[in-house]
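The primary structure of each chain is shown beneath.
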Amino acid sequence: MAKPITQWIKLQSTADTGYFYVIKKNPRNITEKMTFRKYDPVVRKHVEFKETKMK
């Protein structure tokens with residue numbers, strides 16, 4: 001059986017609150033780093049989240 005292609009990535013808040021989301025990404029289709037504008041409950045605002053590596 002083949003291994004799955006998708007990888008788990010971490011979206012870290014740019015507001016430096018330590019809050020993050022974990023999502024799946026297919027690196028064959030999306031080669032650049034992902035950025036999303038999502039809600040950060042620590043600062044209670046929508047801020048930009050950037051892709052970082054999972055540890």
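Residues numbered from 1 in each chain as written. Predicted model: local features only at pLDDT ≥ 70, side-chain atom pairs only at ≥ 80, totals over all residues. Heavy atoms only, no water.

Overview of the sheet that holds strand β4 (residues 45–52)
Note on sheets: strands pair through backbone hydrogen bonds, and any given pair is parallel or antiparallel. We apply this condition: Criterion used throughout: strands pair if DSSP finds at least two bridges between them. Every helix listed is a DSSP run of H or I at least four residues long, and every strand listed is a run of E at least two residues long, numbered separately from the N terminus. Convention adopted: a line fitted to C-alpha atoms gives each axis, helices being fitted over their contacting stretch, and angles between N-to-C directions are expressed from 0 to 180 degrees.
The antiparallel open sheet is built from four strands, whose spatial order is β2-β1-β4-β3. Each end of this open sheet is capped by a strand with a single partner; those strands are β2 (20–25) and β3 (35–40). Shown here is a sheet whose adjacent strand axes are inclined to one another by a mean of 40°, direction ignored. Of the strand pairs in this sheet, β3 and β4 are connected by six bridges, and their pairing is antiparallel. Note on β4: the bridge partner recorded for F36 is F49.

A closer look at the pattern of salt bridges
Here is the rule we go by: By convention in these notes, a salt bridge is any Lys or Arg side-chain nitrogen within 4 Å of a carboxyl oxygen on Asp or Glu. Partly exposed describes any residue whose relative accessible area lies between the buried limit of under 20% and the exposed limit of over 50%, with all areas from a 1.4 Å probe on protein chains only and scaled to the type maximum.
Enumeration according to the criterion identifies one salt bridge in this entry. With its nearest N and O atoms 3.1 Å apart, the salt bridge here joins E51 to K25. Taken as a pair, E51 in strand β4 and K25 in strand β2 lie far apart in primary sequence, 26 residues in all. The two residues E51 and K25 agree in class, both being buried.

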